[in-house]
Amino acid sequence: MSERTYLDHNATSPVRPEARAALLDALDATGNGSSVHGEGRATRSTIDTARRRVAALVGADPRGVIFTAGGTEADTLGLTPDYQCGEEALTFDVLLVSAVEHAAVLRGHRFPADRVEVLPVDARGRVLLDALDAALERHAGEGRRALVSVMLANNETGVVQPVAEVARRAHAHGALVHTDAVQVAGRMPVSISDVGVDLMSVSAHKLGGAPGAGALIAADPDLRPAPVFAGGGQERGRRAGSENVPAIAAFGAAAECAAACAEADAMRIHALRERLESALRCEFPELVLLVGDVDRLPNTSCLALPGVPAETVVIALDLAGVAASAGAACSSGKVAASHVLEAMGVPERIARSAIRLSFGWSSGEEDVDRTIGVFRRVVPGLLRRRAAA
Ligand code: PLP
C-alpha cells in the first residue's frame, strides 16, 4: 500500500504546508493572548492575524469572527434562542432547519426539541422554499420569531442550497439566518454579504488547517449569541477559555491559501471530478450517480452500486488503495441509513449502497487515474458477489 489515493476531503483535508508551518511557529511561542507582557501581545497578534485571514475568506468584518473548536461548536454556538445585538436582547421562539443538515445543526442546537421545525427537501436535496414560506408566515402570524438554519452545501451529496433566496425570504419575515458553510468555505469563493446570511459556520480541518479550530462568523459584529461556556472574556465575551493558538494560527494560514486559490482550485477539482465520473459511468453502467444535474460542490461525487452495501465497497476500495467513505457514514464509523438520502426519497436499496468520493486541494490527475484503475479491479468482484447473494 505504498501509493494511496485520498478521496475523503469532506471528512477532513490534509494539512496544508503553510498551515503546518504556522502551527509549529505558534507551538514554539509562549504567551497567553490575554496577558499584557510582550509574549502575550505576540500571541494576541497571532490570533488577530488569523482572525483577519478567516474573515477575508468569506468577506466578513474580522470583529464578527468568533473562534471555536470546530464546525460543530460553531453551529452549537449559533443555534441558540438568545442573542444580544448591541444593547438589545433578541429572543427567537422557533428554529427552522432543513431535513438534510449535518448532525451538528440537527442535534447541536440549543432550542428545546418542541421548538424545532424540520423543513422538507426535494428529490435533489434542496430545501422546499414553499414549505419555508409557509412556516415563516405561520410563525410570524402567531407572533413567533424564527431563526433559520440551512446549510450552504451538503457534506454527503455536495448539493448547494438556495441559501441567498432562503435568507431573502426569512429576512422579509424578521427572521435571523444561519448557514453551515463548513463544506464550502475554502473550496469555492464565498461572500457572507452575497449569501445574505447573518451567521456562518466554518471549520479549519476541511480546508487544510489543523483540527481543533473553527469559527462562527457574524455579518454584524454587534450580533452576539449567548455563550456556550461561562468563564473568561476571550473572543469579546462570546467564547470563554484560553484560545487554541496553534490551531487558530494554522486556520488563518490555511484560510489565506484557500482564499488565494479558491476559484482556480474549484475549476481544477471540478475537472478531476468530471473526468472520474464520466469514466466510471461509461465503464460501469450499473453505477448510479445519486445527484448529477444540480448545482453541487465541484469536489463531491455520491455514487451507488445498488444492492452492494456501501461498507463493502468502501472496504474493497480501501484495500486497493483508495480512501472513500460511505455516503451514509456516521461519526461513530458505523454505517446507518443516511437521513439526507432518506429525506430526498432515495430508495433504501440504493441509499444503503451510497458511497462518497470527495476531492480537495491536494488531489491531482494521478488520483483520478488510480481510482479508475482500482474500480476496474474491484467492481467486477463486487458485482459477482451481489449476483451470488
Ligand atoms: N457541518 C458540516 C456540513 C460538516 O460536514 C461537518 C463535519 O463533517 C461539521 C459541520 C462538523 O465540523 P467539525 O468536524 O469541524 O466539528
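Procedures and definitions
Residues numbered from 1 in each chain as written. Predicted model: local features only at pLDDT ≥ 70, side-chain atom pairs only at ≥ 80, totals over all residues. Heavy atoms only, no water. Buried < 20%, exposed > 50% of the residue type's maximum accessible area, 1.4 Å probe, protein only. Helix = DSSP H or I, 4+ residues; strand = E, 2+ residues; numbered from the N terminus. Arc of directions from axis to C-beta. Salt bridge = Lys/Arg side-chain N within 4 Å of Asp/Glu carboxyl O. Pairing = 2+ DSSP bridges. Axes fitted to C-alpha atoms, helices over the stretch in contact; angles between N-to-C directions. Contact = heavy atoms within 4.5 Å. Expected span 1.5 Å × (residues − 1).

Draft legend 1. Representation of helix α6 (residues 163-172) in the model. When α6 is considered as a whole, its buried residues turn out to be Val163, Val166, Ala167 and Ala170. Projected onto a plane normal to the axis of α6, the buried residues spread over an arc of 95° and lie on a single side. In α6, the exposed positions angled more than 90 degrees off the buried face are occupied by Arg168 and Ala172. Just past α6, the residue Gly174 takes up positive phi, approximately 75°.

Draft legend 2. Representation of the pattern of salt bridges within the structure. Counting across every chain of the model gives 24 salt bridges. Ionic pairing is found between Asp133 and Arg169, a salt bridge with its closest N-O pair at 2.6 Å. Pair noted here: Asp133 is in helix α5 (residues 129-141) and Arg169 is in helix α6, with a separation of 36 residues, a long-range link. A salt bridge links Glu277 to Arg296; its shortest N-O distance comes to 2.8 Å. With Glu277 in helix α8 (residues 245-283) and Arg296 in the loop between β12 (288-289) and β13 (300-304), the pair connects residues that are 19 residues apart, well separated along the chain. The two residues Glu277 and Arg296 agree in class, both being buried.

Draft legend 3. A look at the sheet that holds strand β9 (residues 199-203). In spatial order, the strands read β2-β10-β9-β8-β7-β5-β6; together these seven strands make up an open sheet with mixed pairing. At either end of the open sheet lies a strand with only one pairing partner, and these are β2 (65-68) and β6 (116-119). Strand-to-strand twist across the sheet, computed as the mean angle between neighbouring axes with direction ignored, equals 20°. Inspection of the sheet shows strand β5 (residues 94-98) paired to strand β7 (residues 146-149) by four bridges, in the parallel sense. Directly across from Val97, in β7, lies its bridge partner Ser149. Its contacts with the sheet put helix α2 (residues 38-57) on β2, β9 and β10 (214-218), and the angle it makes with β2 is roughly 110°. Running over the sheet, α6 touches β7 and β8 (176-180) and is turned about 160° from β8.

Draft legend 4. Structural detail: the sheet that holds strand β15 (residues 325-326). Spatial strand order, β12-β13-β16-β15: four strands in an open sheet with antiparallel pairing. Looking at which strands have only one partner, the edges of the open sheet turn out to be β12 and β15. Lying over the sheet, α8 contacts β12, β13 and β16 (354-358), oriented at roughly 15° with respect to β13.

Draft legend 5. Structural context of α2. Its 20 residues place the ends of α2 29 Å apart at the C-alpha level, agreeing with the 28 Å of an ideal helix rising 1.5 Å per residue. Inspection of α2 places Gly40, Thr43, Ile47, Ala50, Arg51, Val54, Ala55 and Leu57 among the buried residues, and these make up the whole buried set. Take α2 and look down its axis: the buried residues cluster within an arc of 145°, on one side only. With respect to the buried face of α2, the exposed residues turned more than 90 degrees away are Arg41 and Ala56. Along its buried surface, α2 packs onto β2, β9, β10 and α8. Following α2 by one or two positions, Gly59 adopts a phi angle in the positive range, close to 65°.

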